[in-house]
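Examining the three-dimensional arrangement
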Amino acid sequence: EILYKDVKFVKDDKKIKIWDIRSKRLIQHYDAHSASVNSISFHPNGNYMLSSGNDGLVKIWDLKLGQIIYTLHGHEGPAIGCNFSNCGDFFATGG
């Protein structure tokens, strides 16, 4: 569970749920990975999200459009972590 501005992001097994914490309303729901989601990270501008999972994939999401824009295949095992840099120009993943 991550709080970002007025929104709560919850990774729930293979899914990611985005809640408005003021209205307690589900804003977005993603069937994110084919195995458990391990980590999520948010771009400093709030428009993008990274997710990494036990399926070995890292995904980049456009939160304004509500859809995935890239799926990265490169981990031979689970993708344990992901994080945007503070400036948002880069990101790193680990497995």
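Up top is the structure these notes are about.
Attention here is on the structure that accompanies the text. (Residues numbered from 1 in each chain as written. Predicted model: local features only at pLDDT ≥ 70, side-chain atom pairs only at ≥ 80, totals over all residues. Heavy atoms only, no water.)

**Structural notes on the environment of Val37**
For the record, the criterion: Each helix corresponds to a stretch of at least 4 residues labelled H or I by DSSP, and each strand to a stretch of at least 2 residues labelled E; elements are numbered beginning at the N terminus. The cut-offs for exposure are 20% and 50% of the maximum accessible area for each residue type, with area from a 1.4 Å probe on protein chains only; residues under the lower value are buried, those over the upper are exposed, and the others partly exposed.
Along the chain, Val37 falls in strand β5 (residues 37-42). With a relative accessible area of 7%, Val37 lands in the buried category. Between the C-alpha atoms of Val37 and Asp55, which are 18 residues apart in sequence, the distance is 8.4 Å.

**Describing unusual backbone geometry**
With a phi close to 60 degrees, Lys24 is a non-glycine residue in the positive phi region. Of note, Lys24 is situated in the loop between β3 (15-20) and β4 (25-31).

**Considerations on the pairing of strand β9 (residues 81-84)**
Spelled out, the test is: By the convention used here, strands pair only if DSSP detects at least 2 bridges between them.
Only one face of β9 is covered, namely the face carrying Cys82 and Phe84; the face carrying Gly81 and Asn83 is uncovered. As defined by bridge partners, β9 adjoins strand β10 (residues 91-94) across four bridges and the pair is classed as antiparallel. Among the inter-strand pairings, Asn83 is bridged to a residue of β10, identified as Ala92. As consecutive antiparallel partners, β9 and β10 are separated by six residues, and within that stretch Gly88 has a phi angle of approximately 85 degrees, a positive value.

These results come straight from atomic positions and should not be treated as a statement about function.
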